[in-house]
Amino acid sequence: MRPLIGLSGRRWPVSRLGNFVPPAMSELSFDLHFADYGRSVALAGGVPVELTRDADVDEIMSHLDGLVLSGGADVDPTHYEAAPHDQLGETEPDRDEWEFALYAAARAKGIPVLAICRGFQLVNVAHGGTLNQHVELDDGAGHPQWEIDGRTATHSVSCRSSSLTAQVVGGSLEVNSLHHQTLATLGEDLSVGAVASDGVVESFYTSDESVLAVQWHPELLRVPDPTFVWLVKAAIEVED
């Protein structure tokens, strides 16, 4: 059987859809999962499962073989004991708590995790690391690139030799840049896998190599992207 890969997502009030929503539905909420994550899992050979936060986390995890922590809002800086920056973006405290719990349950079960953009940041914080809450667009590595199609690579990253990241994606690659926060201090039990030309950490992994985190959005680049191929392969190996 193909491995089941859980996908985290956002939860928004229906009112964010504006005039599209009739008044009778204005107090409802909806779960948002960008299709590219599920598509990438499926094309890599896994079965994507869009997760809801209404189910018990441990029960959810008992059925899964792998986990994707997806992109989205900024992690609340209170989780790394920092005051909010004046350029801090939207935060979603309920999602923070849910995804920290998902990550802890995945680690306890020993299944592989692919953490993307916000997920990269959340995992670093889960390991005791900190974040730079805002960086401006520059002419070097270019964080962020909001005005460019996310499917377009905008800068290069260099992978450290012998790292898990290098094993998965190669020595260097071109990536997109859809983040305005960066890693400040690296969390415990994490190793740097790739950096941008300005030294910003773009990937890290755990010492047991069961968690791979990338700051870019691989689901918008190659199809299937090597990071998703790694995740599905690692999930199959755990099953065996």
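Note that the structure is predicted; figures quoted are calculated from it, not measured.

Rules and cut-offs
- Residues numbered from 1 in each chain as written.
- Predicted model: local features only at pLDDT ≥ 70, side-chain atom pairs only at ≥ 80, totals over all residues.
- Heavy atoms only, no water.
- Helix = DSSP H or I, 4+ residues; strand = E, 2+ residues; numbered from the N terminus.
- Rg over C-alpha atoms; globule rule 2.2 N^0.38 Å.
- Buried < 20%, exposed > 50% of the residue type's maximum accessible area, 1.4 Å probe, protein only.
- Contact = heavy atoms within 4.5 Å.
- Polar contact = N/O pair within 3.5 Å; in protein donor to acceptor, adjacent residues only side chain to side chain.
- Disulfide = S-S within 2.5 Å.
- Pairing = 2+ DSSP bridges.
- Right-handed = clockwise from strand over helix to strand, strands pointing away.
- Axes fitted to C-alpha atoms, helices over the stretch in contact; angles between N-to-C directions.
- Parallel < 35°, antiparallel > 145°, perpendicular 65-115°, else oblique.
- Nonpolar A, V, L, I, M, F, W, Y, C, P; charged D, E, K, R; others polar.

Novice: What am I meant to see in the overall build of the chain here?
Specialist: When you go through the chain residue by residue, the secondary structure sums to six helices and 13 strands. For the chain, the C-alpha radius of gyration of 17 Å lies close to 18 Å, the compact-globule estimate for 240 residues. For the chain, the spread of C-alpha atoms along the three principal axes comes to 55 × 45 × 35 Å. Taken across its 240 residues, the chain has 52% of its residues classed as buried. The long-range fraction of contacts in the chain, counting pairs at least 24 apart against all pairs at least 6 apart in sequence, stands at 69%.

Novice: Quick question: what am I supposed to make of the environment of Leu212 here?
Specialist: Turning to its location among the elements, Leu212 is positioned in strand E13 (residues 211–214). According to the relative accessible area criterion, Leu212 is buried, its value standing at 1%. Between the alpha carbons of Leu212 and Val57 there is a distance of 21 Å; along the sequence they are 155 residues apart. Setting aside anything within four residues of it in sequence, one finds Leu212 in contact with Val113, Leu114, Ala115, Leu164, Thr165, Val168, Ser203, Phe204, Tyr205, Thr227 and Trp230.

Novice: Which parts of the structure should I look at to understand the side chain of Arg10?
Specialist: Position of Arg10 among the secondary structure elements: in strand E2 (residues 10–13). When its relative accessible area of 12% is taken as the criterion, Arg10 is described as buried. At 3.5 Å, the side chain of Arg10 forms a polar contact with the side chain of Glu90. Those residues in contact with Arg10 that sit more than four places away from it in its chain are Phe30, Asp31, Leu32, Arg53, Gly72, Ala73, Glu90, Glu92 and Arg95.

Novice: Can you walk me through the state of the cysteines in this structure?
Specialist: By definition, a disulfide links the sulfur atoms of two cysteines through a covalent bond. Tallying each qualifying case throughout the model produces zero disulfides. Note on Cys117: no disulfide assigned, nearest cysteine sulfur contributed by Cys159 at a separation of 17 Å. Of the residues examined, Cys159 reaches a relative accessible area of 12% and is grouped as buried.

Novice: It is not clear to me how the pairing of strand E6 (residues 113–116) should be interpreted in this structure. Could you clarify?
Specialist: Looking along a regular strand, one sees side chains alternate from face to face of the sheet. What you see with E6 is no split at all: Val113 and Ala115 on one side and Leu114 and Ile116 on the other are buried throughout. Strand direction decides the pairing type here: strand E5 (residues 66–69) and E6, joined by three bridges, are parallel. Bridge pairing links Leu69 to Ala115 in E6. Remark: the E5/helix H3 (residues 93–109)/E6 crossover connection has right-handed handedness. Inspection of the sheet shows E6 paired to E13 by four bridges, in the parallel sense. Of the residues in E13, the one forming a bridge with Leu114 is Leu212.

Novice: How do you make sense of the packing of H3 against helix H4 (residues 118–126) when you look at a structure like this?
Specialist: Axes are the key here: two packed helices are described by the angle between their axes and the distance separating the axes. For the pair H3 and H4, interaxial distance at closest approach is 11 Å and the crossing angle is 70°. Relative to H4, the element H3 is oriented roughly perpendicular. Only Arg118, Leu122, Val123, Val125 and Ala126 of H4 make contact with H3, whose side of the interface consists of Arg95, Asp96, Glu99, Phe100 and Tyr103. Split by residue class, the contact of H3 with H4 holds six nonpolar, no polar and four charged.

Novice: Honestly, the sheet that holds strand E9 (residues 172–175) in this entry has me stumped. Any pointers?
Specialist: Two strands in a sheet stick together by hydrogen bonds in their backbones, pointing the same way (parallel) or opposite ways (antiparallel). The nine strands lie next to each other as E4-E1-E5-E6-E13-E12-E11-E8-E9, forming an open sheet whose pairing is mixed. The sheet is open, and its two edges are formed by strand E4 (47–50) and E9, each paired on a single side. Across the sheet, the axes of successive neighbouring strands diverge by a mean angle of 20°, strand direction being ignored. In the sheet, strand E12 (residues 201–206) pairs with E13 via three bridges, with the strands oriented antiparallel. Bridge assignment links Phe204 to a residue of E13, and that residue is Ala213.

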